[in-house]
Amino acid sequence: MAHLQKNTDVIVVGQGMAGTCLSYQFSRNNIDFTVIDNSHIRSSSMVAAGLINPVVFKRLTKSWLADELMSYLHTFYLEFEATIGTSFYDRKSILRVLNSAEEINRWDSKRRGSLKDYLGEICGENEFELQLNKPANLGVVKAGAIDVPAMLAAWKNRLKEAGNIIENNLDYSMIEYGENKVKIQFKSDSLVGKKIVFCEGALGVNNPLFSWLPFNLSKGDILTLRNDKYLGGEVLNNGKFFLPQSDGTIKMGSTYNWDDLSYETKKERREELQEKAKETLSGNTILINHEAGIRPTVKDRRPFLGRHPIQKNAYIFNGLGTKGAMLAPYFSEEILNFVMNEGSLDQEVDIKRFNR
Ligand SMILES: Cc1cc2nc3c(=O)[nH]c(=O)nc-3n(C[C@H](O)[C@H](O)[C@H](O)COP(=O)(O)OP(=O)(O)OC[C@H]3O[C@@H](n4cnc5c(N)ncnc54)[C@H](O)[C@@H]3O)c2cc1C
């Protein structure tokens, strides 16, 4: 049997949001790359709602780097959509339920001040034709949403057509590191690259080169529901989100759990979400699906970008936490520049912050 060896410049491990945005950056910069992905087994991106929210509701402040991230991602996703000929980016509003006079006053003052670019007027639910159980005051946020599975599937097709993806699980024992060389030995064929970038999401905790990083993984559950009354086209948020889908269903979530990191869906979590849906929506709601995923969350809530301190041709792009849709575009450019030009990284995201 003939043994084939493929040579490439950069190997990207993982095709979730991180690996997708990064490999797209390689492609648009004409850099030779090959992605390895195990068909999204355990991928957090495949269950994510894909919401993009520049506002932290609890404190009513801008989220970290909101201005830079929002302006970058808008251009990035529009260009990416045009390149792959698929529509997955939607500039939706989030309608935040305001529960007290104090919340309404705070919203109003932030809307005229530090959050003027993102917060809109306060409206009643009738303006959006929502059919809620209780009348509500709704603060409008200029936000967005990505259909993540659609984005990943369309990009994977492109990668397949170009012969730029190997659909296989990477066992770390298959990797042989050399100076300026990384070889991956599959059953009969091999892949040889000059550099490797690991984008494995939560599974990155098993990577012997990077398992020392302070991951703080969190499990999230999300439901797909169908409701017999119209819920408008925007995203409703009353502590949980209700995101209308193009097929008439609603994605609703999510939960946060740091103790149970199994991938199983549990009855208690489902009931917690269903209870909230019942309290919020006036129509009859039926459950279509329940999914769970593990978010690659980090102790200091900042992404992991950087180079392994000893294995100089091994890099990481991970730790996107709860905000992959917002962080992945901007930081995929930053890690691309670092990998190709050895430029410097923002200290807040550089994994060197843990060596000090
Ligand atoms: C319930 C829930 C709701 C969420 N909602 C949102 C939201 O609304 N907005 C938002 O921005 N974020 C949301 N997130 C967070 C979001 O999912 C993450 O930020 C993002 O998906 C992380 O992307 P990633 O590419 O780093 O990881 P992943 O999506 O996990 O991708 C990693 C990829 O690497 C592959 N892989 C790993 N190891 C190997 C290996 N050894 N060999 C081969 N392939 C491998 C995996 O199969 C996978 O395809 C949500 C998460 C959950 C769980």
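This one's a predicted model, so the numbers in the text were calculated from it and none came from an experiment. (Residues numbered from 1 in each chain as written. Predicted model: local features only at pLDDT ≥ 70, side-chain atom pairs only at ≥ 80, totals over all residues. Heavy atoms only, no water.)

A. View of the site of the ligand. With respect to spatial proximity, 34 residues lie near the ligand, and among them Asp37, Asn38, Ser44, Ser45 and Gly321 are the closest. Contact between the ligand and Ser45: an oxygen atom at 2.5 Å from a side-chain N or O atom of the residue. Within the complex, 97% of the 1000 Å² of free accessible area of the ligand lies under protein. Broken down by secondary-structure element, the contributors of at least two residues to the shell around the ligand are helix H1 (17-28), strand E21 (285-295) and helix H6 (324-341). Of the residues belonging to the shell around the ligand, the class tally is 13 nonpolar, 17 polar and four charged. Mapped onto the domain boundaries, the shell around the ligand takes at least three residues apiece from domain 1 (5-46 + 149-214 + 300-354) and domain 2 (93-142 + 218-295). (Near = heavy atom within 4 Å. Polar contact = N/O pair within 3.5 Å; in protein donor to acceptor, adjacent residues only side chain to side chain. Areas by Shrake-Rupley, 256 points an atom, 1.4 Å probe, with all protein chains shown as cover. Helix = DSSP H or I, 4+ residues; strand = E, 2+ residues; numbered from the N terminus. Nonpolar A, V, L, I, M, F, W, Y, C, P; charged D, E, K, R; others polar. Domains from an automatic or database assignment.)

B. Up close: the nonpolar core. Counting residues in hydrophobic clusters, the biggest one holds 66 residues, and the most contacted among them are Leu22, Ile52, Tyr77, Ile146 and Phe317. Here this core spans two domains, since at least three of its residues come from each of domain 1 (5-46 + 149-214 + 300-354) and domain 2 (93-142 + 218-295). Ignoring any residue separated from it by four or fewer positions in sequence, one finds Tyr77 in contact with Ile52, Phe88, Tyr89, Ile146, Met151, Ala325 and Pro329. Counting 24 residues, the second-largest nonpolar core is a separate cluster that includes Phe198, Phe215, Ile294 and Ile316. (Core = buried A, V, L, I, M, F, W, Y, C linked by side-chain atoms within 4.5 Å. Buried < 20%, exposed > 50% of the residue type's maximum accessible area, 1.4 Å probe, protein only. Contact = heavy atoms within 4.5 Å.)

C. Spotlight on the pairing of strand E17 (residues 218-227). Most of E17 is tucked away, with nine of its 10 residues classed as buried. Both E17 and E21 contribute to a ladder of 10 bridges, which runs antiparallel. Within E21, the residue paired with Lys219 across the bridge is Ile294. The pairing of E17 with strand E20 (residues 250-253) spans four bridges and is classified as antiparallel. Considered in E20, the bridge of Thr224 is made with Lys251. (Pairing = 2+ DSSP bridges.)

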